[in-house]
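Examining the three-dimensional arrangement
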Amino acid sequence: MSKTIKTLFLGDMVGRPGREAVEKFLKGETQNFAFADSNTAEVSCALQAQGSSVRDNFDFIIANVENASHGFGLTKKNHDELQSYGIDCMTSGNHIWDKKDVYTYIDESDVLIRPFNYHKTARGVGYRVFNDKIVVINLLGKTFMQPVVCPFQALYDIISHLQAEIGLEDKIIIVDFHAEATAEKICFANFAYSLGASAVFGTHTHVQTADERLIKEGFELSNDFNCFPKAAEIKTEENPEENSENSNPAFKTNAFEGFSPKKAMAYITDVGFCGSYDSIIGMEYESSLKRLVTSIPERFDVAVSNVRQINAVCVEFDCKTGFALEIKRINFNYKNNEDRAQ
């Protein structure tokens, strides 16, 4: 077994332009691209040099697909199409429900994940474990977003559950945090680090940030911090009335006891998007302008541009411990000779 696991995370795919851009990129057809305008061009060049297929250079590929079908949601047809590209896991966000046929297949898909912190009756699953090694979790932010279960509490609950069920010391734990506010994303990332996450990738804004880094040290909390319940405050099934340090073997002096941060966690505030470069975050300019000027609801159409972009990050993890070794940002543009519909 290799000592490291190389992972590629692709930003939000927007419509047909996004799907086509991803297909070409993964097939290694970048030698036919007209230009690459990026501070990460060396990453793309290295991928080309290593093999004819970019897909072959990665052990695991994740893509956010909530905008992949006409800019909103994901149809079964496009789900199967993207899976044929070699994508191992598909994360999503608040638009996952926009194409109603998602209800016909989301429970059967073994690669699609919807945000975990929807109501417990929501269809589908909010996390998956792949190959007994890679845990992928999808969560929605709550600042400037529709009301959902608190993502901080949700992650705390997931990690606690998985720690008890399968153990996480040697697992690679990747979180797609689909959120609007930068401050919420940065705070969430540091929180996830304290729980032992291997990577947090921000999505949703479609604008790639240049703050990719490895978080290697967390923040200390005061003894007065009590946002998360201590085990002593939770009645156990074995001893429903007894909750003291002596009677409860699961007693924790603080809510974060028992969690083990990785040596390093990869982070970026927003991965960006894959789709038409000359656009308003993937959408057509005129309808976007009209809606912003008039404040009247306007149908958004996916932009079709002869320049496409790939926004992604590639991260290498230590296979034995699950910590991140490095994170590199990809911001790749190319000319497209086909201008087809969305």
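1. Quick notes on the overall build of the protein
For the protein, the count of helices and strands is 6 helices and 13 strands. In the protein, which comprises 342 residues, the share counted as buried stands at 52%.

2. With respect to the environment of Arg 213
Its place among the elements puts Arg 213 in strand 9 (residues 213-215). Judged by its relative accessible area of 37%, Arg 213 is partly exposed. Remark: the alpha-carbon pair of Arg 213 and Ile 327, spanning 114 residues in sequence, is separated by 6.6 Å. Discounting chain neighbours no more than four positions away, the residues touching Arg 213 are Met 265, Ala 266, Tyr 267 and Ile 327.

3. Description of the packing of aromatic side chains
Within the structure shown, the criterion is met by 13 aromatic pairs. A centroid spacing of 6.4 Å and a plane angle of 45° characterise the contact between Phe 25 and Phe 332, whose relative ring orientation is tilted. With a gap of 307 residues between them, Phe 25 in helix 1 (residues 15-27) and Phe 332 in strand 13 (residues 324-335) connect regions that are remote in the sequence. Each member of the pair, Phe 25 as well as Phe 332, carries the same accessibility label: buried. Through a chain of ring-to-ring contacts, the aromatic side chains of Phe 152, Tyr 156, Phe 177, Phe 188, Phe 191, Phe 225, Phe 228 and Phe 259 assemble into a single cluster.

4. Considerations on unusual backbone geometry
Backbone geometry places His 70, a non-glycine residue, at a positive phi of 55°. The partly exposed category is assigned to His 70, whose relative accessible area is 31%. Residues other than glycine seldom take positive phi values, yet Asp 132 does so here, at roughly 55°. Relative to the helices and strands, Asp 132 resides in the loop between strand 5 (127-130) and strand 6 (134-140).

5. Description of the pattern of salt bridges
Considering all chains together, one arrives at 11 salt bridges under this definition. Taking the shortest distance from any N to any O, the salt bridge between Arg 329 and Glu 212 comes out at 2.9 Å. Taken together, the residues span a long stretch of sequence, with Arg 329 in strand 13 and Glu 212 in the loop between strand 8 (199-203) and strand 9 at a distance of 117 residues. Arg 329 sits in the buried class, given a relative accessible area of 9%. What makes Glu 212 partly exposed here is its relative accessible area of 24%.

6. What to know about the sheet that holds strand 10 (residues 265-268)
Taken in spatial order, the 6 strands make up an open sheet running 5-6-7-8-10-9, and their pairing is mixed. Every other strand in the sheet has two partners, leaving strand 5 and strand 9 as the edge strands with one partner each. Within this sheet the neighbouring strands show an average axis-to-axis angle of 20°, counted without direction. Note: strand 8 against strand 10, 3 bridges, orientation parallel.

7. Quick notes on the nonpolar core
Leu 8 and Ile 310 are the most contacted members of the largest nonpolar core, which has 36 residues in total. Of all the secondary structure elements, the ones that give two or more residues to this core are strand 1 (4-10), helix 1, strand 3 (60-64), strand 12 (307-318) and strand 13. The element that contributes the greatest number of residues to this core is helix 1, accounting for 4 residues. Aside from chain neighbours lying at most four places away, what touches Ile 310 is Leu 10, Ala 21, Val 22, Phe 25, Phe 273, Cys 274, Ile 330, Asn 331 and Phe 332. In terms of nonpolar packing, the next biggest core, distinct from the first, is built from 29 residues, Leu 162, Ala 179, Tyr 193 and Phe 259 among them.

Rules used throughout
Residues numbered from 1 in each chain as written. Predicted model: local features only at pLDDT ≥ 70, side-chain atom pairs only at ≥ 80, totals over all residues. Heavy atoms only, no water. Helix = DSSP H or I, 4+ residues; strand = E, 2+ residues; numbered from the N terminus. Buried < 20%, exposed > 50% of the residue type's maximum accessible area, 1.4 Å probe, protein only. Contact = heavy atoms within 4.5 Å. Phe/Tyr/Trp six-rings, centres within 6.5 Å; stacked < 30°, edge-to-face > 60°. Salt bridge = Lys/Arg side-chain N within 4 Å of Asp/Glu carboxyl O. Pairing = 2+ DSSP bridges. Axes fitted to C-alpha atoms, helices over the stretch in contact; angles between N-to-C directions. Core = buried A, V, L, I, M, F, W, Y, C linked by side-chain atoms within 4.5 Å.

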